[in-house]
Amino acid sequence: MSVAFVKEPNDSQVEVLPDRELGEDQNIVTARGLELIDREIAALEASLEEARLADDKIAAATISRDLRYWRARHATAEVAAPDHDSDIVQFGSRVTIERPDGRRQSFRIVGIDEGNPSEGLLSYLAPLSRSLIGKEVGDVVKAGADDAEIVEISHDA
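Keep in mind it's a predicted model, so treat the numbers as computed, not measured.

Novice: Please provide a residue-by-residue account of the nonpolar core, values included.
Specialist: By size, the foremost hydrophobic cluster in this structure holds 16 residues, and its most contacted members are Val89, Val95, Ile97, Ile109, Leu128, Leu132 and Ile150. Contributions of two or more residues to this core are made by β3 (94–98), β4 (104–110), α3 (127–132), β6 (140–143) and β7 (146–154). Per element, the largest residue contribution to this core is 3 residues, and it comes from β7. Not counting the four nearest positions on each side in its chain, Leu132 is found in contact with Val89, Val95, Ile97, Ile109, Val141 and Ile150. Of all hydrophobic cores here, the second largest spans 12 residues; its members include Ile37, Ile41, Tyr69 and Trp70.

Here is the structure:
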């Protein structure tokens, strides 16, 4: 009987996993972001080899899908660095804001995959990043429910 008529997959069958969504936004990355992508690809390649050696077809399919995603992210990555002579917030800048209650927060504006707000890394597509880009020290921006003043801008990594 043809496999097409069998409801349960056999050991050699693995469903094709849909590719991860790449999005349509420009894939701007920092040098660190590109390095993280490279590390992820290397780790996935090692994991894929382990899954193949273990004959774990499901793990291999999942890892292969993730590997396709990260290779595509690498292929479309555009490394950008801030202009160190500029006084305005831009991609790659570290920006410190002060909230009305006196609390200061510092964020670095980074690529989509590198963003991690709990570590102070904001994707350039995040609403706060969008309101910060192009601004200078002393400018007031919307930061969540409140306004915040930009008190420092640096262009170091």
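Novice: Any chance you could break down the sheet that holds strand β5 (residues 121–123) for me, citing the residues and the numbers?
Specialist: Strand order in the open sheet formed by 5 strands is β5-β4-β3-β7-β6, and the pairing between neighbours is mixed. The open sheet has two edge strands, β5 and β6, and neither has a second partner. If you compare each strand with its neighbour and ignore which way they point, the axes differ by 45° on average. For β6 and β7, the ladder comprises 4 bridges, and the chain directions are antiparallel. Within the sheet, the bridge partner assigned to Val141 lies in β7 and is Ala148.

Novice: For the packing of aromatic side chains, give the residues involved together with the corresponding values.
Specialist: In total, this model carries 2 aromatic pairs according to the counting rule given. Here the aromatic rings of Tyr69 and Trp70 are separated by 4.9 Å at their centres, their planes lie at 85°, and the arrangement is edge-to-face. As far as the burial class goes, Tyr69 and Trp70 line up, both buried. For the pair Phe91 and Tyr124, a centre-to-centre distance of 6.0 Å together with 75° between the ring planes defines the contact as edge-to-face. Here Phe91, found in the loop between β2 (78–79) and β3, pairs with Tyr124, found in the loop between β5 and α3; they are 33 residues apart in sequence, far enough to count as distant. Both residues of the pair, Phe91 and Tyr124, belong to the buried class.

Novice: Please give an account of unusual backbone geometry that cites residues and values.
Specialist: The phi dihedral of Asp55 falls on the positive side, at around 55°, and the residue is not glycine. Judged by its relative accessible area of 54%, Asp55 is exposed.

Novice: Lay out helix α1 (residues 31–53) with the relevant residues and their values.
Specialist: Taking 1.5 Å per residue, 23 residues should reach 33 Å; α1 reaches 34 Å between its end C-alpha atoms and fits that length. Those residues of α1 that fall on the buried side of the exposure criterion are Gly33, Ile37, Ile41, Leu44, Leu48 and Ala51. Against the buried residues of α1 lie β1 (28–29) and α2 (57–76).

Novice: Kindly report on the pairing of β4, identifying the contributing residues and their values.
Specialist: The side chains of a regular strand alternate, residue by residue, between the two faces of the sheet. Sheet topology note: the β3/β4 ladder contains 5 bridges and is antiparallel. Paired with Arg94 across the two strands is Arg108, which belongs to β4. Here β3 folds back onto β4, and the loop between the two strands holds 5 residues, one of which, Gly102, carries a positive phi near 90°. Pairing of β4 with β5, which is carried by 3 bridges, proceeds in the parallel orientation. Residue pairing in the sheet places Val110 in a bridge with Ser123 of β5.

Novice: Which residues make up the layout of surface pockets, and what values go with them?
Specialist: If you add up the space inside the largest pocket, you get close to 180 Å³. Gly33, Leu36, Trp70, Asp113 and Glu114 are the residues nearest the centre of the largest pocket, which is lined by 17 residues in total. Secondary-structure elements contributing two or more residues to the lining of the largest pocket are α1 and α2. The residue inventory of the lining of the largest pocket, partitioned by class, reads 6 nonpolar, 5 polar and 6 charged.

The rules behind these values
- Residues numbered from 1 in each chain as written.
- Predicted model: local features only at pLDDT ≥ 70, side-chain atom pairs only at ≥ 80, totals over all residues.
- Heavy atoms only, no water.
- Core = buried A, V, L, I, M, F, W, Y, C linked by side-chain atoms within 4.5 Å.
- Buried < 20%, exposed > 50% of the residue type's maximum accessible area, 1.4 Å probe, protein only.
- Helix = DSSP H or I, 4+ residues; strand = E, 2+ residues; numbered from the N terminus.
- Contact = heavy atoms within 4.5 Å.
- Pairing = 2+ DSSP bridges.
- Axes fitted to C-alpha atoms, helices over the stretch in contact; angles between N-to-C directions.
- Phe/Tyr/Trp six-rings, centres within 6.5 Å; stacked < 30°, edge-to-face > 60°.
- Expected span 1.5 Å × (residues − 1).
- 1 Å grid on protein atoms, 1.4 Å probe; cavity = no way out; pocket = protein on both sides within 12 Å on 5 of 7 lines; lining within 4 Å.
- Points joined across faces, edges and corners; volume = space filled by probe spheres on them.
- Nonpolar A, V, L, I, M, F, W, Y, C, P; charged D, E, K, R; others polar.

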